[in-house]
Amino acid sequence: MKITGKTLVDLGYKPGKWFKEAIAQANAQQLSRTALTGYLDKVAPVIIDPHQASLPFFKNIRAEHEEEKNNVQSVFKTMKALMKTPTVVKGAVMPDACPTGAVGQIPVGGVVATKDAIHPNMHSADICCSVMVTSLGFIDPKKVLNAAQQVTHFGGGGRTDLFPFPKELEEQIAANYFFQDTGSMILAKTHLGTQGDGNHFLFVGKSKKTGETMMVTHHGSRGFGANLFKKGMKIAEAFRKELSPKTLKGNAWIPYSEQIGKNYWEALQLVRAWTKLNHETIHNATCEMLKVEPQLRFWNEHNFVFKEGDMFYHAKGATPLDDKFVPDSYEGLRLIPLNMSEPVLIVKGQTTESNLGFAPHGAGRNVTRSQHKRNNAARTVEEIFQTETAGLDVRFFSNKIDISELPSAYKSAKNVQQQMKEFGLGEVVDEILPYGCIMAGDWKTDPPWLKKKKAA
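Just so it is clear, the structure is predicted and the values come from calculations on it, not from any experiment.

**What about the overall build of the chain?**
Counting its secondary structure elements, the chain contains 14 helices and 16 strands. Within the chain, the fraction of its 456 residues that count as buried is 53%. Roughly 20300 Å² of accessible area belongs to the chain as shown, and the carbon and sulfur atoms make up 52% of that amount. In the chain, 56 positive and 47 negative side-chain charges are present, and the distance between their average locations comes to 6 Å.

Laid out in structure tokens, this is it:
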């Protein structure tokens, strides 16, 4: 009797990608019913159900007022659902936490440790969102901002004036399973030297401790990383359907024990290398234009996956304090930006039971961008801008103000710093006092490059 997929279904086995090989083997060995079920029981994937009850997680956050109370309750609700995911071992939330997406999806400011599992949705599309600082000595910060504005690029799309791309990195990318398509390399090359939109920025200020002028950039892996995220989510979803269909779709994972999981981990490291290069490209171009040598430079990601043995720490907007998570750490120093009117914090810290080795990544939000705009509908954009950026040199690359990135759109920087002390989330060792910054702005409204295209 020929064994088919219907044979297996009639025997009570759930269809999956394992059917093809199992059917071929069963037919090749001409297995009888008893031998067949014995064989199938050995090769059929084990279904992993979510935890019946949510695992506990550390709450390094406290609501300061009513609006914040609603935000914190939403964070706890989504974390509680997330902590039922069967791969999860432990978790924590930071003072800048805010929910994103559906209930059960990791919030911004969330840290989740899983065993033998990489969850693409827990690092999100903006893989390796990170910050880098370069000290430029005692130079006028306005000159730095002017030079940076000429070499950087914000908003959608890539560059036409491409920067040189390292041959070794190009070869490593081309050799990875996840980057076999030509589109990945095109994105890697055309997005090099660009900074995206939203909360990404280029910030210039002075060290409170030394008075030196410092430039900080904040961005992720752009289209190159987003492309990997889409592929990772597709593969993770296939595993979820086969291994844990009751797990929330957004919490699908790729097992690291599988070769595809190792390939994905290697791809993530290439995205990290590209993102570091992207920061360096902008910093180096600015230094060249100014004809100055960098005095000091370091960086850290705050939106990534960090590996320790068979444990994977997913930080969705959380700064790794522990050097075991940052292989190219400089003296354990980390950067935590707050908002454009507040200093960028330079911190150091230790791993504790409750922080899992992480700190906040910024100030976070209590309401969405859209809600913030609605809350300020009674005032003009220009009025809000003038009030909130007084004394600062704030520029938008698109020439369109985005009030959802102004200081009032974020949580109280003072409260976040206070809770960092309260919950043992790093010690501030210096501050970069603000002079000004560049952000994308509302680039989707009448973008300047579209004007140029029409004029041509």
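Having seen it, we continue.
**Re the side chain of Thr-247**
As for its placement among the helices and strands, Thr-247 is situated in the loop between α9 (222-243) and β8 (254-255). Sequence-distant contacts of Thr-247, that is, excluding residues within four places in its chain, are made with Pro-50, Thr-85, Pro-86, Arg-240 and Trp-253.

**A word on the nonpolar core**
Residues Leu-228, Leu-268 and Phe-358 are the most contacted members of the largest nonpolar core, which totals 61 residues. Ranked by residues supplied to this core, first place goes to helix α10 (residues 259-290) with nine residues. Excluding its chain neighbours within four sequence positions, the residues that come into contact with Leu-268 are Ile-118, His-123, Ile-127, Leu-228, Phe-304 and Val-305. Counting residues in hydrophobic clusters, the runner-up holds 21 residues, among them Leu-333, Leu-335, Ile-384 and Phe-385.

**A few points about unusual backbone geometry**
Across the chain, the bulk of peptide bonds are trans and the bulk of non-glycine residues have phi less than zero. A positive phi angle is found at Ser-124, which is not glycine, with a value near 65°. Assignment of secondary structure puts Ser-124 in the loop between α5 (120-123) and β5 (129-135). Positive phi outside glycine occurs at Asn-399, with the angle close to 65°. Tracing the chain through its elements places Asn-399 in the loop between β15 (393-396) and α13 (413-423). Residue Asn-399 is classed as exposed on the basis of its relative accessible area of 66%.

**Remarks on the environment of Ala-273**
By the element assignment, Ala-273 lies in helix α10. As for Ala-273 and Ala-81, which are separated by 192 residues in sequence, their C-alpha atoms are 33 Å apart.

**Here we look at the pairing of strand β7 (residues 213-219)**
Among the seven residues that make up β7, seven are buried, leaving the element largely enclosed by the rest of the structure. The two faces of β7 match: Thr-213, Met-215, Thr-217 and His-219 on one face and Met-214, Val-216 and His-218 on the other face are all buried. One ladder, built from six bridges, connects β5 with β7; its direction is antiparallel. Directly across from Ser-135, in β7, lies its bridge partner Met-214. Where strand β6 (residues 201-207) meets β7, six bridges bridge the pair, whose relative direction is antiparallel. Note that in β7 the partner of Lys-206 across the bridge is Thr-213. Between β6 and β7, which pair antiparallel and follow one another directly, the connecting turn spans five residues, one of which, Gly-211, has a positive phi of 85°.

**As for the packing of aromatic side chains**
Taken as a whole and judged by the stated rule, the model has 19 aromatic pairs. Residues Phe-154 and Phe-397 carry aromatic rings whose centres are separated by 6.0 Å and whose planes lie at 55° to one another, so their mutual orientation is tilted. Residue Phe-154 is found in the loop between α6 (141-151) and α7 (167-175), and its partner Phe-397 is found in the loop between β15 and α13; the two are separated by 243 residues along the sequence. Where Phe-201 meets Phe-203, the ring centres are 6.4 Å apart and the plane angle is 65°; that geometry is what we call edge-to-face. Each member of the pair, Phe-201 as well as Phe-203, carries the same accessibility label: buried. Put simply, the rings of Phe-304, Phe-306, Tyr-313, Phe-325 and Phe-358 touch in pairs and so form one group of aromatic residues. Directly above the aromatic system of Phe-76 lies the positively charged group of Lys-59, at a separation of 4.7 Å from the ring centroid. Taking NZ or CZ as reference, Lys-262 lies 4.8 Å from the ring centre of Tyr-256, over its face.

**Considerations on the environment of Gly-232**
One can find Gly-232 in helix α9. In contact with Gly-232, other than residues within four places in its own chain, are Pro-120, Ile-254 and Tyr-264.

**Topic: the packing of helix α2 (residues 18-29) against helix α3 (residues 33-43)**
In the contact formed by α2 and α3, the axes pass within 11 Å of each other and the chain directions differ by 145°. Of the two elements, α2 crosses α3, and the hand of that crossing is right-handed. Across from Trp-18, Glu-21, Ala-22, Gln-25 and Ala-26 in α2, the residues of α3 making contact are Leu-36, Tyr-39, Leu-40 and Val-43. Of the residues belonging to the contact of α2 with α3, the class tally is seven nonpolar, one polar and one charged.

**Digging into helix α4 (residues 66-82)**
The terminal C-alpha atoms of α4, which comprises 17 residues, lie 25 Å apart, in line with the 24 Å expected from a rise of 1.5 Å per residue. Regarding α4, the residues found buried are Glu-68, Asn-71, Val-72, Val-75, Thr-78, Met-79 and Leu-82. Looking down the long axis of α4, one finds its buried residues gathered within 130° of arc, a one-sided arrangement. Summarising the geometry of α4, the exposed residues directed more than 90 degrees from the buried face are Glu-66, Lys-77 and Lys-80. Where α4 is buried, its residues touch β2 (88-98), β3 (108-115) and α5.

**A few points about the environment of Phe-57**
Here Phe-57 is to be found in the loop between α3 and β1 (58-59). According to the relative accessible area criterion, Phe-57 is buried, its value standing at 15%. Filtering out sequence-adjacent residues up to four positions away, Phe-57 remains in contact with Phe-76, Met-79, Lys-80, Met-83, Gly-91, Ala-92 and Val-93.

**Notes on the packing of helix α8 (residues 182-190) against α9**
Relative to each other, α8 and α9 sit at 150°, their axes nearing to 8 Å. Relative to α9, α8 is oriented roughly antiparallel. Of the residues in α9, those in contact with Ser-184, Leu-187 and Ala-188 of α8 are Gly-223, Phe-224, Asn-227 and Lys-231. For the contact of α8 with α9, the class distribution of residues is three nonpolar, three polar and one charged.

Thresholds, definitions, all that
- Residues numbered from 1 in each chain as written.
- Predicted model: local features only at pLDDT ≥ 70, side-chain atom pairs only at ≥ 80, totals over all residues.
- Heavy atoms only, no water.
- Helix = DSSP H or I, 4+ residues; strand = E, 2+ residues; numbered from the N terminus.
- Buried < 20%, exposed > 50% of the residue type's maximum accessible area, 1.4 Å probe, protein only.
- Areas by Shrake-Rupley, 256 points an atom, 1.4 Å probe, with all protein chains shown as cover.
- Lys, Arg positive; Asp, Glu negative; His and termini not counted.
- Charge placed at Lys NZ, Arg CZ, Asp CG, Glu CD.
- Contact = heavy atoms within 4.5 Å.
- Core = buried A, V, L, I, M, F, W, Y, C linked by side-chain atoms within 4.5 Å.
- Pairing = 2+ DSSP bridges.
- Phe/Tyr/Trp six-rings, centres within 6.5 Å; stacked < 30°, edge-to-face > 60°.
- Lys NZ or Arg CZ within 6 Å of the ring centre and 35° of its normal.
- Axes fitted to C-alpha atoms, helices over the stretch in contact; angles between N-to-C directions.
- Left-handed = near helix turned anticlockwise from the far one by under 90°.
- Nonpolar A, V, L, I, M, F, W, Y, C, P; charged D, E, K, R; others polar.
- Expected span 1.5 Å × (residues − 1).
- Arc of directions from axis to C-beta.
- Parallel < 35°, antiparallel > 145°, perpendicular 65-115°, else oblique.

Function cannot be read off these values alone, since they describe shape.
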